[in-house]
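Residues per chain, in single letters:
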Amino acid sequence: MLVRFLQVDLLINLTRRDLRSKYKRSALGWTWSVLNPLVAVVVYSAVFSVFLRIQPSTGDPSGLRSYAVFLLVTLLPWQFHVTSLTEATRSITANGPLITKIWFPRWVLPTSAVLARFLTLLVEMAVLLLLIAAIEGHMTFAWIPVLLLLMALQLLFTVGLALMVSAANVYFRDIQHFLGVALAPWMFLTPILYPLNMVPADREFLGVGYRTLYQLNPMVSWAKAYRNVLYDLRLPSAERWLAIATVTVVVLAVGFWIFHRLEPRMAEEV
Amino acid sequence: MTASPAVSLNDLGKKFRLTHDRNWTLKATMLAGHRTRYEEFWALRNLSLEIRHGQTFGIIGGNGSGKSTLLKVLAGILRPDEGSVAVDGRLSALLELGAGFHPELTGRENIYLNGAILGFTARDIRSRFEEIVGFAELERFIDEPVRNYSSGMYVRLGFSVAIHVEPEILLVDEVLAVGDLTFQKRCLERFAQLKADGRTILVVSHDLDMVGWLCDQTAWIQQGTLRATGPSSEVIDRFATGTEPGEPSNRIGRAARPAFERLSTQDLVKSVELVDINGHPTDTVGSGQPACIRVRYDGQTAGEPVTVALGLYRADGTHVASINSGATTRGLTPKDRSATGTDRSETLVEVEYLVPALPVQPGTYELSVALHDASMQRVLERHTHLLRFGVTSTGADPQNGLVALGGTWEAK
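Source: prediction; values computed, not measured.

(A) Spotlight on the overall build of chain B. Helix and strand counts for chain B come out as 10 helices and 18 strands. Looking at chain B as a whole, 47% of its 412 residues are labelled buried. In chain B, of all internal contacts separated by at least 6 residues, the share reaching a separation of at least 24 is 68%. Here chain B displays about 20,400 Å² of accessible surface, and carbon together with sulfur accounts for 50% of that area.

Right under this line is the structure:
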């Protein structure tokens, strides 16, 4: 019953479709999904670590001081966030012929787009753990259960966002362009390339501290939590978990609610 | 069979907005506020209809009459703006074949994908996989990406997946216009099989012959409302002639056609069959091929010698030919049965009308049978539209019209 309700078969098939068709007829194929973060790490390391001399925070208690690791543990989840949303936004409009000809629960389209990307993230994270172990000699494997929990929460959070943007994009195609514009600044306003303590805590904007304003961005919590688990090698604080769980539940609920509201006329507007 | 109807439409209405200046952007919407101008257009209005379980139901109407909108509302793709739709049972819609196919995936992968979209589990599909591939006749190509498929192969695979979902209610929208004749025939056979299994089938089509052949009941939709509903032959007839109920038909020699007749035990005529050259009953015959009509009647009860009269009509009602039994069989009584070799029963008389090469074009035909007295003065019994059969294409050259001339071309 639950399997039926969650459309497991349909999700599996659509996810498989996305994954299988993604690199069909390209010579490098899946190498592309490894090349992408690799190039990003090299470029960002050069610019931010070498040119701009940004110091990564020291891992506490791990004692790590590698900018590449510092960057990767948040960059990979961030890239998942970006590509999931970009692909999910178009997932309904791009499947117009399907929407207008066959009835099936529409929410599986953005969800499977996110799922396909999530499977790539799993592989990337596995590679990252091996890299950390090989280069830094750290045993991060004990943290895998915590990491998986964090990733599962991020998956649900992203599905919630994907539901919102994909449904809204049917009615306003501006959403996909807006996302293209918004995602780049969003990355710079999230502690991925630099540690959170570089955001001034003593300055204020209209009576509110910069740091407080900055922390309104839900991605800050995720970046911090990922960095806690994989770089510092400690559990995120209870408040952090609470914030993450709350945001996830709210976004997922609102996402489904919006999607449900916009679903009936999708076949006409798509 | 449940008491509740398979499909029930209650005062259904579906409107579309015809926007003159479409607001595709947020900015335009913000600026226009609530002043977005659009015209409302009711594609369906005040439509009430009930389709019982096990019925084969045709929906006919001109272009833009709302037929396809109706199917989309039934399929759940469009939400009605007025009234209600109640569907009882698992429903599958064949609105476009292969709509869910991904060109880069192989036929095999697409079967699983399409099946999942249609509500199948992987296990369901695995158990029917061979059947699906076999029906589509794609055994050799099943691991090729479907972008390499011909349009015929694409459509065959789409049909095959959709038909093997085994829906309780099947919606079909003009999908049989595609594919070659042999495949069309197999599709129709499959529909007939579903029908025999007691499934409910809704067919939207411009092919009146097909609707007449397949459907027990038909609804005629015009400008989004129900114009007529009832037995297929009646509704199709009214649609084809454009007549109102009660109005005399404007076609010469045709009263309003009754529903397909069934013989009762009291009737003199016991059976009318189309038989092949080996004497086995069949329901199709090739154009230009030998055809034989076998009529059995109760000669004992008739009590007098009778003349058998056959009337051949095309499914749209066009009169093709009428034949009276010839001198060799006229006035045959049961006593003479030894002469014809019939020995099924003491009282039955069997006559056969043999056509060496049936000279009609492919299509659906109907046969009327009447029994007269030997002198053709009195009608003893009359059954209109008693037998329906298909004439299939056999010649390589496509032809049109009513008769198959059977001529040959020669270069001089």
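(B) Focus on the overall build of chain A. Secondary structure assignment for chain A yields 12 helices and 2 strands. When the elements of chain A are put in sequence order from the N terminus, they spell out α-α-α-α-α-α-α-α-β-β-α-α-α-α. Taking all 270 residues of chain A together, the buried fraction comes to 51%. Long-range pairs, those at least 24 residues apart, make up 78% of the contacts in chain A between residues at least 6 apart in sequence. Entry remark: accessible area of chain A is about 12,700 Å², with carbon and sulfur atoms responsible for 70%.

(C) Up close: helix H4 (residues 122–136) of chain B. Residue and element names in this part refer to chain B. Of all the bends in H4, the greatest, near 60°, is centred on arginine 128. Buried within H4 we find Ile125, Arg128, Phe129, Ile132, Val133, Phe135 and Ala136. Buried residues along H4 sit against helix H3 (107–117), helix H5 (151–163) and helix H6 (181–196). One or two positions beyond H4, positive phi appears at glutamate 137, with a value near 55°.

(D) Layout of the interface of chain B and chain A. On the chain A side, the residues contacting the 34 residues of chain B number 29 residues. Linking chain B to chain A there are 2 salt bridges. Measuring nitrogen to oxygen at the nearest pair gives 2.6 Å for the salt bridge that ties lysine 14 of chain B to glutamate 268 of chain A. Joining chain B to chain A, the criterion identifies 6 residue pairs in polar contact (both at pLDDT 80 or more). Among the elements of the structure, strand S1 (7–19), helix H1 (26–32), helix H2 (67–75) and H3 of chain B are those that each provide at least two residues to the side of chain B that touches chain A. Sorting elements by how many residues they give to the side of chain B that touches chain A places H3 of chain B first, with 5 residues.

(E) Here's a closer look at the sheet that holds strand S18 (residues 379–392) of chain B. Residues and elements named next belong to chain B. The strand order S12-S18-S17-S14-S15 describes an open sheet built from 5 strands, whose pairing is mixed. The sheet terminates laterally at strand S12 (284–286) and strand S15 (319–324), the two strands that pair on one side only. Each adjacent strand pair in this sheet contributes to an overall mean axis angle of 30°, direction not counted. Note that strand S14 (residues 306–314) and S15 share 5 bridges and pair antiparallel. The partner of leucine 310 across the bridge, within S15, is isoleucine 323.

(F) Representation of the environment of alanine 122 of chain B. Tracing the chain through its elements places alanine 122 of chain B in helix H4. When residues no more than four places from it in sequence are discounted, the contact partners of alanine 122 of chain B are Asp9 of chain A together with Tyr112 of chain B.

(G) The pattern of salt bridges, seen in detail. Within this structure, the stated rule accounts for 20 salt bridges over all chains. Between arginine 117 of chain A and glutamate 124 of chain A there is a salt bridge, and its shortest N-O distance comes to 4.0 Å. Like glutamate 124 of chain A, arginine 117 of chain A is buried. Of the charged contacts in the structure, one is a salt bridge between glutamate 273 of chain B and arginine 294 of chain B, with a shortest N-O distance of 3.6 Å. Of this pair, glutamate 273 of chain B sits in strand S10 (residues 269–275) while arginine 294 of chain B sits in strand S13 (residues 291–298), and the two are 21 residues apart along the sequence. Classification of arginine 294 of chain B by relative accessible area gives buried; the value is 9%. Bridged by salt links that share partners, the residues Arg265, Glu268 and Glu269 of chain A together with Lys14 and Asp81 of chain B form one connected network.

(H) Spatial organisation of the packing of aromatic side chains. Taken as a whole, this structure holds 13 aromatic pairs over all chains when the rule is applied. Considering the side-chain rings of tyrosine 112 of chain B and phenylalanine 129 of chain B, the 5.7 Å spacing of their centres and the 20° angle between planes classify their relative orientation as stacked. With tyrosine 112 of chain B in helix H3 and phenylalanine 129 of chain B in helix H4, the pair connects residues that are 17 residues apart, well separated along the chain. Phenylalanine 129 of chain B carries the same exposure label as tyrosine 112 of chain B, and that label is buried. Here the aromatic cluster, defined as three or more aromatic residues joined through ring pairs, consists of Tyr67, Phe70 and Tyr231 of chain A. We note lysine 14 of chain B situated over the ring of phenylalanine 16 of chain B; from NZ or CZ to the ring centre the distance is 5.7 Å. The ring centre of phenylalanine 135 of chain B lies 4.8 Å from the NZ or CZ of arginine 186 of chain B, which sits over that ring.

Definitions and cut-offs
- Residues numbered from 1 in each chain as written.
- Chains lettered and ligands numbered in written order.
- Predicted model: local features only at pLDDT ≥ 70, side-chain atom pairs only at ≥ 80, totals over all residues.
- Heavy atoms only, no water.
- Helix = DSSP H or I, 4+ residues; strand = E, 2+ residues; numbered from the N terminus.
- Buried < 20%, exposed > 50% of the residue type's maximum accessible area, 1.4 Å probe, protein only.
- Contact = heavy atoms within 4.5 Å.
- Areas by Shrake-Rupley, 256 points an atom, 1.4 Å probe, with all protein chains shown as cover.
- Bend = angle between axes of the 7 residues up to and from the residue.
- Salt bridge = Lys/Arg side-chain N within 4 Å of Asp/Glu carboxyl O.
- Polar contact = N/O pair within 3.5 Å; in protein donor to acceptor, adjacent residues only side chain to side chain.
- Pairing = 2+ DSSP bridges.
- Axes fitted to C-alpha atoms, helices over the stretch in contact; angles between N-to-C directions.
- Phe/Tyr/Trp six-rings, centres within 6.5 Å; stacked < 30°, edge-to-face > 60°.
- Lys NZ or Arg CZ within 6 Å of the ring centre and 35° of its normal.

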